[in-house]
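Descriptive structure summary
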Amino acid sequence: MPKDQRSASKTNPGRFFEDYSVGQVIEHAVPRTVSGGERALYHALYPARHAIQSSDEFARACGLHESPMDDMITFHTVFGKTVPDVSLNAVANLGYAEGRFHRPVWPGDTLRARSEVIGLKQNSSGKTGVVYVRTEGHNQRGQLVLEYVRWVMVRKNDVEAPAPEAVVPELSRVVDPATLILPEGLDFSGYDCTLAGEPHRLGDYAVGEVIDHVDGVTIEEAEHMMATRLWQNTSKTHFDVTPRADRRRLIYGGHVMSMARALSFNGLANAQMIVAINGGSHANPCFAGDTVRAWSEVLDTAETAAPGVGAIRLRLVAVNEDRRVGELKDAEGKYLPHVLLDLDYWALMPL
């Protein structure tokens, strides 16, 4: 065997579409311990200011023993573990559903991930296919901290490989608010709106209300690359320009998610913790130099069993520069070209 072939056999080219099968379970490598340094760098990358994830003292006043890690740190860390096995050869990460945060992640926790393939569908071009996976993130005690479904468009390595039988999972459109899992001990009965940054409680929001978050942030190549490495996301599309005709690196969709969530503080400062992701779509690509702005629509509200704690269902939309707040799709139901992200989630808010 030639020397270069012997060397290549030691490396991991990643899975291609034809390498997946429904029911396949993948245990992802390299557990990750998160720390206060992770939070500090997250807050350096994004204008994140939600009080319960910024201040130990504020968190203790809300019934927690210390400030938990930002919810999106948990999401990104678990997501990053899956990339070498799920989306290393992805064309694009397409969407999310049935996301549920089971318990907070604290500084010092170690996270690992596993995924099950729950659906496959080859695209009509025969060059790519969509892979559906349900991913779970666990801490060092084996406790489930996060689960979600995502679907990814993945390249085929052999375009002549036969198409698998199409299996498209039926997914819930929304997580039932009655099943939301709240952090143990959470209590907003003594919630301090002054310290949180805004006076608006759950009763101040109306279903159908649209909130312009006003601010914008121009995405820098260096910050995106730092974030993508921080989450150990190895997807080639974020690093290597050569596969794309325009020779541009795609901005990691999670970078846009975190930026939009942080921007939403202006108008939703009291939407303190994300407890479920009902659905999400990366509608159009984002590139360095794009200016991200955001708006939210209130979709629903609900009560919870925790003292003083309500739940608010929000549609968070990230857009590229365009300021047409509230405009999402065209007459045919397709996302408008300036829309980058459409994220539907439940957050906890004081009553």
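In this report, the structure presented in the accompanying data block is examined. (Residues numbered from 1 in each chain as written. Predicted model: local features only at pLDDT ≥ 70, side-chain atom pairs only at ≥ 80, totals over all residues. Heavy atoms only, no water.)

1. Considering the overall build of the chain
Scanning the chain from terminus to terminus reveals eight helices and 11 strands. Here the chain has a C-alpha radius of gyration of 20 Å; the compact-globule value for 351 residues is 20 Å, and the two agree. Counting only C-alpha atoms, the chain reaches 70 × 50 × 40 Å along its principal axes. When the 351 residues of the chain are sorted by exposure, 52% land in the buried category. Surface accessibility of the chain: about 14900 Å² in total, with carbon and sulfur atoms responsible for 49%. Counting 36 positive and 45 negative side-chain charges, the chain places the averaged centre of each group 7 Å from the other. (Helix = DSSP H or I, 4+ residues; strand = E, 2+ residues; numbered from the N terminus. Rg over C-alpha atoms; globule rule 2.2 N^0.38 Å. Buried < 20%, exposed > 50% of the residue type's maximum accessible area, 1.4 Å probe, protein only. Areas by Shrake-Rupley, 256 points an atom, 1.4 Å probe, with all protein chains shown as cover. Lys, Arg positive; Asp, Glu negative; His and termini not counted. Charge placed at Lys NZ, Arg CZ, Asp CG, Glu CD.)

2. Quick word on the pairing of strand β11 (residues 339–350)
In terms of burial, β11 is a largely internal element, 12 of the 12 residues being buried. Where strand β8 (residues 273–282) lies against β11, eight bridges are found, and the strand directions are antiparallel. Residue pairing for β11: Ala-276 is matched across the bridge by Trp-346. Note that strand β10 (residues 309–320) and β11 share 11 bridges and pair antiparallel. Residue pairing across strands places Ile-312 opposite Ala-347, the latter belonging to β11. (Pairing = 2+ DSSP bridges.)

3. Re the environment of Pro-285
Along the chain, Pro-285 falls in the loop between β8 and β9 (291–303). Through-space distance from the C-alpha of Pro-285 to that of Pro-307 is 41 Å; in sequence the pair is 22 residues apart. Those residues within four positions of Pro-285 in sequence are excluded, and the remaining contacts are Leu-250, Asp-290 and Leu-340. (Contact = heavy atoms within 4.5 Å.)

4. Examining the side chain of Thr-82
When you line up the elements, Thr-82 lands in helix α4 (residues 71–86). With a relative accessible area of 0%, Thr-82 lands in the buried category. A distance of 2.7 Å separates a polar atom in the side chain of Thr-82 from the backbone oxygen of Phe-79. (Polar contact = N/O pair within 3.5 Å; in protein donor to acceptor, adjacent residues only side chain to side chain.)

5. Section: helix α6 (residues 221–230)
Among the residues of α6, His-224, Met-225, Ala-227, Thr-228 and Leu-230 are the ones counted as buried. Residues of α6 that are buried make contact with β2 (32–33), α2 (36–45) and α7 (253–263).

6. Description of the nonpolar core
In this structure, Tyr-46, Phe-75, Trp-231, Val-292 and Ile-312 are the most contacted members of the largest nonpolar core, which totals 53 residues. If you look at the next biggest cluster of nonpolar residues, it comprises 23 residues, including Ala-51, Phe-58, Val-275 and Ala-276. (Core = buried A, V, L, I, M, F, W, Y, C linked by side-chain atoms within 4.5 Å.)

7. As for the packing of aromatic side chains
Within the structure shown, the criterion is met by nine aromatic pairs. On the numbers, 4.8 Å between centres and 55° between planes, the contact of Tyr-42 with Tyr-46 is tilted. Overall, the relative accessible area of 2% leaves Tyr-42 in the buried class. Ring-pair connections join several aromatic residues into one group, and the members of that group are Phe-75, Phe-79, Tyr-96, Tyr-148 and Tyr-252. Above the ring of Phe-287, the side-chain terminus of Arg-248 is found at 3.9 Å from the ring centroid. Here the guanidinium or amino end of Lys-329 rests over the ring plane of Tyr-335, the centre of that ring lying 4.8 Å away. (Phe/Tyr/Trp six-rings, centres within 6.5 Å; stacked < 30°, edge-to-face > 60°. Lys NZ or Arg CZ within 6 Å of the ring centre and 35° of its normal.)

8. As for the packing of α2 against α6
Closest axis-to-axis distance for the α2/α6 pair is 11 Å, and the angle between their directions is 155°. Classified by the interaxial angle, the pair formed by α2 and α6 is roughly antiparallel. Seen from above, α2 lies across α6 with left-handed handedness. Contacts between α2 and α6 involve Glu-38, Leu-41 and Leu-45 from the first element and Glu-223, Met-226, Ala-227 and Leu-230 from the second. (Axes fitted to C-alpha atoms, helices over the stretch in contact; angles between N-to-C directions. Parallel < 35°, antiparallel > 145°, perpendicular 65-115°, else oblique. Left-handed = near helix turned anticlockwise from the far one by under 90°.)

9. Brief notes about α7
Burial runs high along α7: 11 of the 11 residues are buried. Those residues of α7 not exposed but buried are Gly-253, Gly-254, His-255, Val-256, Met-257, Ser-258, Met-259, Ala-260, Arg-261, Ala-262 and Leu-263.

10. So, the pairing of strand β5 (residues 128–138)
Burial within β5 is extensive, with nine of its 11 residues counted as buried. Sheet analysis places strand β4 (residues 110–122) next to β5, joined by 10 bridges and oriented antiparallel. Bridge assignment links Arg-112 to a residue of β5, and that residue is His-138. In this structure, the hairpin formed by β4 and β5 is closed by a connection of five residues, where Gly-126 is found at a positive phi of approximately 80°. As judged from the 11 bridges shared by β5 and strand β6 (residues 144–155), these two strands associate in the antiparallel manner.

11. Side note on unusual backbone geometry
Positioned with a positive phi, Val-214 is a non-glycine residue whose angle comes to about 70°. Mapped onto the elements of the fold, Val-214 is located in strand β7 (residues 210–218). In this structure Val-214 comes out as partly exposed when scored by relative accessible area, which is 43%. The phi torsion at Arg-247 lies on the positive side, around 50°, for a residue other than glycine. Its place among the elements puts Arg-247 in the loop between α6 and α7. On the basis of relative accessibility, which here comes to 52%, the residue Arg-247 falls in the exposed class.

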